Amino acid sequence: MSHVLLIGFMGAGKSTVGRLLAESLDRPFVDLDDAVEQAAGMPVSMIFEDLGEDRFRMLETEALRALIDAPPSVVACGGGVVVRDENRALLGSLGAVVYLKVSAGESIARISDTSSRPLLAGPGAALAATSLLAAREALYSAVADISVDTEGSGPGQIAQFVQDALEDA
Ligand code: S3P
């Protein structure tokens, strides 16, 4: 099997579930935001602030492209990875794409410190989450091979569900 790529909105639990899944599949875990931060030498929030969202999206695409030559891994993608056409095509060719679903309200409830998420920082976080998620929902679903509702389940249960679904696929 090639990569397993976790997509979904901020707060869906991609990194937490991804780490558990990687451990249980005995594969490397890659966090795409970490890869972008390493390439830029600064945190995501500073990339947005100093270089702008477009530059962040370019770095994100480069980090995704780098997976072409990486050993089969479990990859937690940033919530906006589906926005670029090129990324959606890349995701489809890199492996099994798993959409972890979360509502806008639950996303905000799970993210205790929105300052590390520049698109949700500030007082309008709930409204921003609602409109961003509405704009992206169809993109997540279109690119996903497997979709999982994360509400009401813990990360361990979700990781197990994804593992079972991958085995059945
Ligand atoms: C973003 C999600 C973040 C990070 C950046 C932009 C988005 O990742 O890539 O702040 O556009 O939804 P997480 O989904 O891991 O929080």
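Below, the structure is looked at part by part. Because the structure is a prediction, the values reported are computed rather than measured.

Regarding its fold elements, the chain presents eight helices and five strands. Mapped in sequence order, the helices and strands of the chain form the string β-α-β-α-α-α-β-α-β-α-α-β-α. Its C-alpha atoms give the chain a radius of gyration of 15 Å, within 12% of the compact-globule value 15 Å for 169 residues. Each of the three principal axes of the chain carries a C-alpha extent, and together these read 40 × 35 × 25 Å. Classification of the 169 residues of the chain by burial places 43% in the buried group. In the chain, the share of contacts with a sequence separation of at least 24, taken over all contacts with a separation of at least 6, comes to 74%. By element, 52% of the accessible surface of the chain is carried by carbon and sulfur atoms, the whole surface being about 8000 Å². The positive charge centre, built from 12 side chains, and the negative charge centre, built from 24, are 3 Å apart in the chain.

Only one face of strand β5 (residues 146-149) is covered, namely the face carrying Ile146 and Val148; the face carrying Ser147 and Asp149 is uncovered. Here strand β4 (residues 95-101) runs beside β5; their pairing, made up of four bridges, is parallel. If you follow Lys101 over to β5, its bridge partner there is Asp149.

Here the focus is the pattern of salt bridges. Considering all chains together, one arrives at five salt bridges under this definition. Between Arg57 and Glu53 there is a salt bridge, with its nearest N and O atoms 3.0 Å apart. You can see Arg57 and its partner Glu53 sitting in helix α4 (residues 53-65), four residues apart, about one turn around the helix. Judged by relative accessible area, Arg57 falls into the buried class, the value being 7%. The shortest N-O distance in the salt bridge between Arg110 and Glu106 comes to 2.9 Å. Remark: Glu106 and Arg110 occur in helix α6 (residues 104-110); sequence separation between them is four residues, near one turn of the helix. Residue Glu106 is classed as partly exposed on the basis of its relative accessible area of 29%. Through salt bridges with shared partners, a single network forms among Glu53, Arg57 and Glu60.

Around the ligand sit 14 residues in total, of which Lys14, Asp33, Arg57, Arg117 and Arg136 are the nearest. Lys14 is positioned such that a nitrogen or oxygen atom in its side chain is 2.7 Å from an oxygen atom of the ligand. A distance of 2.7 Å separates an oxygen atom of the ligand from a polar side-chain atom of Arg136. Summarising the interface, the protein chains cover 95% of the accessible area of the ligand, which totals 390 Å² for the free molecule. Of the residues that constitute the shell around the ligand, the class distribution is six nonpolar, three polar and five charged.

Let us look at the nonpolar core. Counting residues in hydrophobic clusters, the biggest one holds 50 residues, and the most contacted among them are Ile7, Leu91 and Leu100. If we skip the residues at most four places from it in the chain, Leu91 touches Leu5, Ile7, Leu64, Cys77, Val81, Val82, Val97 and Val143.

Criteria and cut-off values
- Residues numbered from 1 in each chain as written.
- Predicted model: local features only at pLDDT ≥ 70, side-chain atom pairs only at ≥ 80, totals over all residues.
- Heavy atoms only, no water.
- Helix = DSSP H or I, 4+ residues; strand = E, 2+ residues; numbered from the N terminus.
- Rg over C-alpha atoms; globule rule 2.2 N^0.38 Å.
- Buried < 20%, exposed > 50% of the residue type's maximum accessible area, 1.4 Å probe, protein only.
- Contact = heavy atoms within 4.5 Å.
- Areas by Shrake-Rupley, 256 points an atom, 1.4 Å probe, with all protein chains shown as cover.
- Lys, Arg positive; Asp, Glu negative; His and termini not counted.
- Charge placed at Lys NZ, Arg CZ, Asp CG, Glu CD.
- Pairing = 2+ DSSP bridges.
- Salt bridge = Lys/Arg side-chain N within 4 Å of Asp/Glu carboxyl O.
- Near = heavy atom within 4 Å.
- Polar contact = N/O pair within 3.5 Å; in protein donor to acceptor, adjacent residues only side chain to side chain.
- Nonpolar A, V, L, I, M, F, W, Y, C, P; charged D, E, K, R; others polar.
- Core = buried A, V, L, I, M, F, W, Y, C linked by side-chain atoms within 4.5 Å.

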